[in-house]
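# Structure assessment
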Amino acid sequence: MEGQNGTNDNGAQELPRVLGEYAAEASMDSLHGFIEFACNHAAGQGFTVDRLEEVRRVLTEALTNIVTFTFHNEPGEIKLSCKVDKFGKYVVSLIDSGKAYNMLLEDDPFIGSLDPASDAPRPTMKTMKRFSSNIEYKRLENRNHLVITLAKDMKKGKR
């Protein structure tokens, strides 16, 4: 049964490949470096100028939430890695050393933490959900892992 294990060209999939990694302090001043690093790799994968702007918006929202709600202006580090998964989709992983914080749940008014102060800032996820193919959160080894999958063309669902 040649081909079932990717032994020939019919249906064989590539292994995920890491494009690059970037680490810096968790601060609003460092956001630009993370965003440009990820967008440069996305551009290398053939993302259009319009799509790159959407990627910038997604990463700005994710990183702002991490700095604001995970670290509360305390020192820490964020690591970003860019890769192409086995299906050819561009994946950005954000790993931080802050307190446990699943922004995917916090954004949901029915699941997220109920803050008695209604005027307290709340995390936003609208842009991330609108312009991402998939978003996952995991807490592993005392670190938050936010994995964002970004298709080249959201309208067509293509890589």
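Residues numbered from 1 in each chain as written. Predicted model: local features only at pLDDT ≥ 70, side-chain atom pairs only at ≥ 80, totals over all residues. Heavy atoms only, no water.

### Quick notes on the overall build of the protein chain
The helix and strand inventory of the protein chain stands at 4 helices and 5 strands. When the helices and strands of the protein chain are read in sequence order from the N terminus, they spell out β-α-α-β-β-α-α-β-β. Looking at the protein chain as a whole, 42% of its 159 residues qualify as buried. A fraction of 62% describes how many contacts in the protein chain between residues 6 or more apart in sequence connect residues 24 or more apart. Summed over its atoms, the accessible surface of the protein chain is roughly 9,600 Å², and 50% of this surface lies on carbon and sulfur atoms. (Helix = DSSP H or I, 4+ residues; strand = E, 2+ residues; numbered from the N terminus. Buried < 20%, exposed > 50% of the residue type's maximum accessible area, 1.4 Å probe, protein only. Contact = heavy atoms within 4.5 Å. Areas by Shrake-Rupley, 256 points an atom, 1.4 Å probe, with all protein chains shown as cover.)

### Concerning the pattern of salt bridges
Under the defined criterion, the tally for this structure stands at 2 salt bridges. Note that Glu36 and Arg56 form a salt bridge whose closest N and O atoms lie 3.2 Å from each other. Here Glu36, found in helix α1 (residues 31–44), pairs with Arg56, found in helix α2 (residues 49–71); they are 20 residues apart in sequence, far enough to count as distant. With a relative accessible area of 22%, Glu36 lands in the partly exposed category. (Salt bridge = Lys/Arg side-chain N within 4 Å of Asp/Glu carboxyl O.)

### A word on the sheet that holds strand β5 (residues 143–150)
Here we have 5 strands laid out as an open sheet, ordered β1-β2-β3-β5-β4, and antiparallel in their pairing. Only two strands of the sheet have a single neighbouring strand rather than two, namely β1 (17–25) and β4 (134–140). Put simply, the sheet's adjacent strands are angled 15 degrees from each other on average, direction ignored. In this sheet, β5 lies alongside strand β3 (residues 90–96) in antiparallel orientation, the contact comprising 7 bridges. For Ser93, the partnering residue across the bridge sits in β5 and is Val147. Against the sheet, α1 makes contact with β1, β2 (77–84) and β3, and its axis sits at roughly 170 degrees relative to β1, the strand it touches most. (Pairing = 2+ DSSP bridges. Axes fitted to C-alpha atoms, helices over the stretch in contact; angles between N-to-C directions.)

### Let's talk about the state of the cysteines
Here, disulfide denotes a covalent bond that connects the sulfur atoms of two cysteines. The full count for this structure, using the stated rule, is 0 disulfides. Residue Cys39 stays outside any disulfide, its sulfur separated by 8.9 Å from that of Cys82, the closest cysteine. On the basis of relative accessible area, Cys82 is assigned to the buried category, the value being 0%. (Disulfide = S-S within 2.5 Å.)

### Section: the pairing of β5
The buried fraction of β5 is high, at 7 of 8 residues. As paired strands, β4 and β5 are joined by 7 bridges and run antiparallel to one another. In the sheet register, Arg139 faces β5, and the bridge partner there is Asn144. Linkage of β4 to β5, two consecutive antiparallel strands, is achieved through a turn of 2 residues, within which Glu141 is found at a positive phi near 50 degrees.

### Digging into the confidence of the model for the protein chain
Taken residue by residue, the protein chain gives an average pLDDT of 83. The fraction at 70 or more is 77%. When the criterion is pLDDT under 50, residues 1–11 qualifies, and its contacts beyond four places in sequence or with other chains add up to 5 contacts. Contacts from residues 110–114, a stretch scored under 50 in pLDDT, to residues over four places away or in other chains number 6 contacts. (pLDDT = per-residue confidence, 0-100.)

### Some thoughts on the nonpolar core
The biggest cluster of nonpolar side chains holds 36 residues, and the ones touching the most others in it are Ile78, Leu94, Met128, Leu146 and Ile148. Residue contributions to this core peak at 10 residues, all from α2. Other than its neighbours up to four places away in sequence, Ile148 contacts Val58, Leu59, Ala62, Tyr90, Val91, Val92, Leu94, Met128, Ser132, Asn134 and Ile135. (Core = buried A, V, L, I, M, F, W, Y, C linked by side-chain atoms within 4.5 Å.)

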